[in-house]
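# Architecture at a glance
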Amino acid sequence: MAATDFPAEIAALRSTLGTIRAVSDPDRLRERIAELSDQASAPDLWDDTDAAQKVTSALSHAQSELERIETFDQRIEDLETLVQMAQEEDDADTLADADAELEGIKKDLGALEVRTLLSGEWDERDAVVTIRSGAGGVDAADFAEMLMRMYLRWAERHGYPTTVMDTSYAEEAGLKSATFEVKAPYAFGTLSVEAGTHRLVRISPFDNQGRRQTSFAAVEVVPLIEGTDHIDIPENEIKVDVFRSSGPGGQSVNTTDSAVRLTHIPTGTVVSMQNEKSQIQNRAAALRVLQSRLLLLQKEAEQAQKKELAGDIKASWGDQMRSYVLQPYQMVKDLRTEHEVGNPSAVFDGDIDGFIEAGIRWRRNQSQSPA
């Protein structure tokens with residue numbers, strides 16, 4: 001095994017960190033932190049709970065970003081010292097420690113570099129994720145539930161709060177569809193690369209003959225709109241249906257008809273909500289998600305983008321962007337980026353950062369390629 005060229009590796013780390021600094025602008029971050037700190041110290045801050053939470057969340061995020069950048073300077077200096085000690089004392093164990101630290105810094109710096117690529121108009125927003133089962137019957141419904149758990153576990157690993165807004169259970173097992181919100185800085189920019197058709201190949205646990213089954217599920221990701229966003233939806237363009245919330249197997253969750261389904265008549269966009277306790281709360285939540293979807297539709301129309309929204313994905317053969325193969329071999333592979341992992345269990349348990357980072361880099365390369 002060739003010896004690590006530490007001077008060259010450390011020079012590359014410093015070059016990457018310099019690029020990140022140029023994009024992130026630590027001085028601007030310090031100014032932002034000072035502004036938010038002033039707002040956070042206002043005596044009437046918590047008179048408006050929602051506004052207060054936005055301020056404190058933004059402050060925490062800015063402080064974390066600055067700390068993350070500044071920490072790398074010290075880590076690289078410490079690595080240099082470790083390498084120097086190992087070489088002076090000809091200590092193989094210390095050199096192995098330096099190798100391990102080098103790999104750790106490269107991985108963490110790569111993740112931070114990916115964050116600098118999130119510069120889209122809504123990338124900073126919270127995300128609303130909808131998963132729908134596609135072709136494949138009960139296996140597809142089960143797959144949809146597996147994907148939902150995967151994303152919720154991913155969010156949990158990162159400490160991101162999530163709220164399940166709506167679930168429509170399939171008759172035998174799994175989900176027809178589910179919608180949940182991920183509340184974190186850059187949640188939309190990060191998760192938007194997960195939008196598309198996902199494909200599962202496995203021995204079906206629902207087939208008494210033990211045959212291999214291919215099933216599909218569609219993932220849609222939209223940015224959560226804010227109060228400052230402007231999109232008017234005339235009342236006569238919305239059809240409102242009220243129904244009883246239900247759980248797995250059709251059991252009643254509430255004793256009142258509190259669940260709400262909104263249909264935007266001109267576009268056919270449908271949003272259901274049953275997470276809240278009252279019909280009024282569910283209607284408000286559904287309207288917010290509907291506005292998010294229509295805002296994205298509006299923007300895509302303005303930009304004349306030649307692509308379909310995640311909600312239009314067919315979730316069937318020929319459309320998949322990622323394959324999860326459990327039989328005859330074990331592999332999860334993204335068909336856009338070629339990123340692959342030979343441990344599907346870890347992926348389904350939320351270990352998807354590698355796929356997300358590869359997707360963000362791929363998207364940036366695609367946007368910079370000549371048409």
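What you see is a predicted model, and the numbers here were worked out from it, not measured in a lab. (Residues numbered from 1 in each chain as written. Predicted model: local features only at pLDDT ≥ 70, side-chain atom pairs only at ≥ 80, totals over all residues. Heavy atoms only, no water.)

Let us look at the environment of Thr190. The residue Thr190 is located in helix α6 (residues 187-191) in this model. Its relative accessible area of 13% is what places Thr190 among the buried residues. When the C-alpha positions of Thr190 and Arg125 are compared, they lie 9.8 Å apart, and in sequence the two are 65 residues distant. Of note is the side chain of Thr190, whose polar atom sits 2.7 Å from the backbone oxygen of Tyr186. (Helix = DSSP H or I, 4+ residues; strand = E, 2+ residues; numbered from the N terminus. Buried < 20%, exposed > 50% of the residue type's maximum accessible area, 1.4 Å probe, protein only. Polar contact = N/O pair within 3.5 Å; in protein donor to acceptor, adjacent residues only side chain to side chain.)

Next up on the list: the side chain of Thr167. Structurally, Thr167 can be placed in strand β2 (residues 162-169). Beyond its immediate chain neighbours, meaning those up to four positions away, Thr167 contacts Met148, Leu175, Ser177, Ala178 and Gln274. (Contact = heavy atoms within 4.5 Å.)

For the pair helix α3 (residues 49-89) and helix α4 (residues 92-115), interaxial distance at closest approach is 10 Å and the crossing angle is 155 degrees. Accordingly, the angle class assigned to the pair α3 and α4 is roughly antiparallel. Considering how the two elements wind past one another, α3 and α4 form a crossing that is left-handed. Taken together, the residues of α4 that come into contact with α3 (itself represented by His61, Glu65, Arg68, Ile69, Phe72, Arg75, Ile76, Leu79, Leu82, Val83 and Ala86) are Thr94, Leu95, Asp97, Ala98, Glu101, Leu102, Gly104, Ile105, Asp108, Leu109, Leu112 and Arg115. Considering only residue class, the contact of α3 with α4 consists of 13 nonpolar, 3 polar and 7 charged. (Axes fitted to C-alpha atoms, helices over the stretch in contact; angles between N-to-C directions. Parallel < 35°, antiparallel > 145°, perpendicular 65-115°, else oblique. Left-handed = near helix turned anticlockwise from the far one by under 90°. Nonpolar A, V, L, I, M, F, W, Y, C, P; charged D, E, K, R; others polar.)

For the rest of this paragraph, the subject is unusual backbone geometry. Residues Gln327 and Pro328 are joined by a peptide bond in cis, for which omega reads 15 degrees. Although it is not a glycine, Glu338 sits at a positive phi angle of roughly 70 degrees. Tracing the backbone shows Glu338 in the loop between β10 (331-334) and β11 (340-341).

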